[in-house]
Amino acid sequence: MSVSMSTFQVRPTRAFFSVASRLSSPPSSLSSPSLSAACRVRCLSSSASASAASASAASASAQGTSSSVSRSSDDAYVVLTREAGKNDNVVDALKQIDVIPHDAILEVPMVFTETIQSGIEQLADALRNLKETNVQFVCVTSPEAMAHYVTAYRMAGDPGGNAAALACVGGGTAKALKRELERQTTACPVPPTCEFVPTRATAKDLAAELPLSENTRVLYPASARAKKELQDGLGERGCEVLRINTYTTVAATVDRLTEEQVHAARNAAVVCFASPSAAMAWVDAFGVSAKAACIGRTSYDACIRLGWKEEDVFCPDAPGVDGFARSASEAWKQ
């Protein structure tokens, strides 16, 4: 069965948060693409951070699992805002650095995902018909998108030789494929492993570096809230992008949180963001009093637009979990 190209129309993104209007236009201070110079982002030296991590790891090994640093206040917290159960790799990285007391780190989910079932079905149909649609690459830009891609792949049966090459935005997304396969233990078709990762884990770099041939088509399973950076960048290179929205993110309101989570949020010294959606939800609920640590430039930009001062936002020079943890640790020390 062939797939109509109309199947792949980009769905308009709806604004889920009341503060979304504050993100409509960036301030003049963010007009330059230079991360370190124009934005004065607190970027940490990779070599210095690696040395600090090695030293702290040795300290942790000598003292067991307890932190080598005492808490400065019983009510000071570092809050992780990803969806519940999806912060483990960040927690592990923070404990490896060992600057933040372990009992000060708490998960306060500010977003949750909703599957777009019609999108999953469209993606499965597209995967069954890759030859007819002449798709050479499937591009996945987040661990959540990878989870939905695996679901659709298995719904499709086994595309087998029809399978397109898989490109991932970064190592974290590539690792998410392995985690999904381990989590879904039933005997199901296994998607191809990731064959391409750009030098930096951003949609812009993926669009610029993906090896394209003439008339390349790319299948892009995405969040309904994802920006058009990947598809626009590939389009500028003459590539046709077939985007299918398979999920969306929705703000978590305070009434969804436990009493402990609300207490931690209201006493947070540092709040960690892996997406603009989480930052927007946080501002609606708790404001901008805590310092912000961001996984990358996109979340950093959102924090500035939402009202944080530049000196209170910390961001690594390259997106990723390790840099994310270093930024949170640096914010805590401030």
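Structural data are supplied above this passage.
Residues numbered from 1 in each chain as written. Predicted model: local features only at pLDDT ≥ 70, side-chain atom pairs only at ≥ 80, totals over all residues. Heavy atoms only, no water.

Novice: Can you lay out the overall build of the chain for me, pointing to particular residues and giving the numbers?
Specialist: The number of helices and strands found in the chain is 13 helices and 11 strands. Evaluated residue by residue, the chain yields a buried proportion of 50% over its 334 residues. Long-range contacts, defined as pairs at least 24 residues apart, comprise 75% of the intrachain contacts of the chain with a sequence gap of at least 6. As displayed, the chain has an accessible area near 15100 Å², and 49% of this comes from carbon and sulfur atoms. (Helix = DSSP H or I, 4+ residues; strand = E, 2+ residues; numbered from the N terminus. Buried < 20%, exposed > 50% of the residue type's maximum accessible area, 1.4 Å probe, protein only. Contact = heavy atoms within 4.5 Å. Areas by Shrake-Rupley, 256 points an atom, 1.4 Å probe, with all protein chains shown as cover.)

Novice: Describe the pattern of salt bridges, listing the residues and the values that go with them.
Specialist: Oppositely charged side chains are able to pair whenever their charged atoms sit close together. Scanning the model with the defined rule gives seven salt bridges in all. Among the ionic pairs, glutamate 240 bridges to arginine 217, the shortest N-O distance being 2.8 Å. With a gap of 23 residues between them, glutamate 240 in strand 8 (residues 240–251) and arginine 217 in strand 7 (residues 217–223) connect regions that are remote in the sequence. Residue class for glutamate 240 comes out partly exposed when judged on its relative accessible area of 33%. A relative accessible area of 19% places arginine 217 in the buried class. The structure contains a network of salt bridges with shared partners spanning Glu83, Lys86 and Glu144. (Salt bridge = Lys/Arg side-chain N within 4 Å of Asp/Glu carboxyl O.)

Novice: Help me get a handle on the packing of aromatic side chains, residues and values and all.
Specialist: Taken as a whole and assessed by the stated rule, the structure comprises four aromatic pairs. Where phenylalanine 273 meets tryptophan 308, the ring centres are 5.5 Å apart and the plane angle is 70°; that geometry is what we call edge-to-face. Linking phenylalanine 273 in strand 9 (residues 268–273) with tryptophan 308 in the loop between helix 12 (297–306) and strand 11 (313–314), this pair joins segments that are 35 residues apart in sequence. For the pair phenylalanine 273 and tryptophan 308, a shared accessibility class is recorded, and that class is buried. Ring geometry for tryptophan 282 against phenylalanine 286: centres 4.7 Å apart, planes inclined by 50°, an arrangement best described as tilted. (Phe/Tyr/Trp six-rings, centres within 6.5 Å; stacked < 30°, edge-to-face > 60°.)

Novice: Please set out the nonpolar core residue by residue, giving values where relevant.
Specialist: Within the largest apolar cluster, 31 residues are counted, with the highest numbers of intra-cluster contacts made by Phe273, Trp282 and Trp308. The set of elements that each furnish at least two residues to this core consists of strand 1 (77–80), helix 10 (259–266), strand 9, helix 11 (276–286), strand 10 (291–294) and helix 12. Sorting elements by how many residues they give to this core places helix 11 first, with seven residues. With residues near it in sequence (within four places) discarded, phenylalanine 273 still touches Thr81, Ala278, Ala279, Trp282, Ala292, Ala293, Cys294, Ile295, Ser299, Cys303, Trp308 and Phe324. Tyr149, Val150, Leu166 and Tyr247 belong to the second largest nonpolar core, which has 25 residues in total. (Core = buried A, V, L, I, M, F, W, Y, C linked by side-chain atoms within 4.5 Å.)

Shape is all these values report; function is a separate question.
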